[in-house]
Amino acid sequence: AQKVTQAQTEISVVEKEDVTLDCVYETRDTTYYLFWYKQPPSGELVFLIRRNSFDEQNEISGRYSWNFQKSTSSFNFTITASQVVDSAVYFCALTASLNYGGATNKLIFGTGTLLAVQP
Amino acid sequence: KAGVTQTPRYLIKTRGQQVTLSCSPISGHRSVSWYQQTPGQGLQFLFEYFSETQRNKGNFPGRFSGRQFSNSRSEMNVSTLELGDSALYLCASSSGGARVGVDVLTFGAGSRLTVL
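It should be emphasised that the depicted structure is a prediction, and the values quoted were computed from it without experimental measurement. (Residues numbered from 1 in each chain as written. Chains lettered and ligands numbered in written order. Predicted model: local features only at pLDDT ≥ 70, side-chain atom pairs only at ≥ 80, totals over all residues. Heavy atoms only, no water.)

Trainee: Would you mind going over the overall build of chain B in detail, with residue names and values included?
Mentor: Of the regular secondary structure elements, chain B holds zero helices and eleven strands. Its helices and strands taken in sequence order, chain B reads β-β-β-β-β-β-β-β-β-β-β from the N to the C terminus. Against the compact-globule benchmark of 13 Å for 116 residues, chain B has a radius of gyration of 13 Å, which places it among compact chains. Principal-axis analysis of the C-alpha atoms gives chain B an extent of 40 × 30 × 25 Å. For chain B, the residues scored as buried account for 52% of the 116 residues in total. Partitioning the intrachain contacts of chain B with sequence separation of at least 6 by distance along the chain shows that 55% fall at a separation of at least 24. Roughly 5,300 Å² of accessible area belongs to chain B as shown, and the carbon and sulfur atoms make up 48% of that amount. (Helix = DSSP H or I, 4+ residues; strand = E, 2+ residues; numbered from the N terminus. Rg over C-alpha atoms; globule rule 2.2 N^0.38 Å. Buried < 20%, exposed > 50% of the residue type's maximum accessible area, 1.4 Å probe, protein only. Contact = heavy atoms within 4.5 Å. Areas by Shrake-Rupley, 256 points an atom, 1.4 Å probe, with all protein chains shown as cover.)

Encoded structure:
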């Protein structure tokens, strides 16, 4: 079965602290994609990053960085020097597999981590 | 470029009624997916449409249905509403890639349904 686990329900940090959000996934597929989305209070999910299973290179984008490790089935997300505007719920997601080998955009989401950045 | 538009944004219904939610995808996007978000169950996939055909369906009762029109706009319908149907319903669109996971979903702001 496919599953995404975000064990951290809620994290509270003070502005300028670094924070890491954990994501562990389960899948039997050899080809899959992992995503991170951010959900601010307004409600819409905002895409942050997509990583495929063949690319274990870590990525940095400004204050954001992602660490993908297939050996531990983890895809962790770090915010450096956090800001109040980073406060949101962050979701990790995995592409669903298909028995019939067709196409789908279905995502399996983790339960999310609420990040509160205090000024 | 306009984003994904969902209407209505908020609505209140009573048990037993039915509701129809609408989603207008980004221009040129052919795939529309629907998700239900609740505090207890989190984000759960409802269904996905591509070129007016349902491509995938989640594990929801038959009271939940959807469709997609030739202009890619989509509607979902929930009949005989139950209290547990209170949720944020999110629509997402994408270009409709031919392979799993190729597309990045762009989400709308959601329709918040309250069932009394």
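Trainee: Let's hear about the state of the cysteines: which residues, and what values?
Mentor: Residues and elements named next belong to chain A. Within the structure shown, the criterion is met by two disulfides over all chains. Here C23 connects covalently by a disulfide to C92, the sulfurs 2.0 Å from one another. The disulfide joining C23 to C92 has a torsion of about -65 degrees about its S-S bond and is therefore left-handed. With a gap of 69 residues between them, C23 in the loop between β3 (19-21) and β4 (24-26) and C92 in strand β10 (residues 88-95) connect regions that are remote in the sequence. In terms of burial, C23 and C92 fall into one category: buried. (Disulfide = S-S within 2.5 Å.)

Trainee: Which residues make up the side chain of R63(B), and what values do they have?
Mentor: Residues and elements named next belong to chain B. Relative to the elements of secondary structure, R63 occurs in the loop between β6 (53-57) and β7 (64-68). At a separation of 3.1 Å, a polar atom in the side chain of R63 contacts the main-chain carbonyl oxygen of T80. Separated by 2.8 Å, the side chains of R63 and D85 make a polar contact. Those residues within four positions of R63 in sequence are excluded, and the remaining contacts are N77, V78, S79, T80, L81, E82 and D85. (Polar contact = N/O pair within 3.5 Å; in protein donor to acceptor, adjacent residues only side chain to side chain.)

Trainee: Mind laying out the nonpolar core, listing which residues take part and the relevant values?
Mentor: Counting residues in hydrophobic clusters, the biggest one holds 25 residues, and the most contacted among them are W36(A), F77(A), Y90(A) and L115(A). For this core, the secondary-structure elements that each account for two or more residues are β2 (10-14), β3, β5 (33-39), β8 (64-69), β9 (74-79), β10 and β12 (113-118) of chain A. If we ignore the near neighbours within four places in the chain, the residues touching Y90(A) are Q6(A), L21(A), W36(A), Y37(A), K38(A), L48(A), Y64(A), F77(A), I79(A), G112(A), T113(A) and L115(A). Counting 21 residues, the second-largest nonpolar core is a separate cluster that includes C23(B), M76(B), V78(B) and L81(B). (Core = buried A, V, L, I, M, F, W, Y, C linked by side-chain atoms within 4.5 Å.)

Trainee: Requested: an account of the sheet that holds β7(B), with residues and values cited.
Mentor: Residue and element names in this part refer to chain B. Taken together, the four strands give an open sheet; going across it, the order is β1-β3-β8-β7, and neighbouring strands pair in antiparallel fashion. Each having just a single partner strand, β1 (5-7) and β7 make up the two edges of the open sheet. Averaged over neighbouring strand pairs, the angle between their axes works out to 15 degrees when direction is ignored. Across three bridges, the pairing between β1 and strand β3 (residues 19-24) is antiparallel. (Pairing = 2+ DSSP bridges. Axes fitted to C-alpha atoms, helices over the stretch in contact; angles between N-to-C directions.)

Trainee: So what's going on with the environment of L83(B)? Which residues, and what values?
Mentor: Residues and elements named next belong to chain B. Counting through the fold element by element, L83 comes out in the loop between β8 (74-78) and β9 (87-94). With a relative accessible area of 47%, L83 lands in the partly exposed category. Residues L83 and S70 lie 13 residues apart in sequence; the distance between their C-alpha atoms is 33 Å. Look past the residues within four positions of L83 in its chain and what remains in contact with it is R15, V115 and L116.

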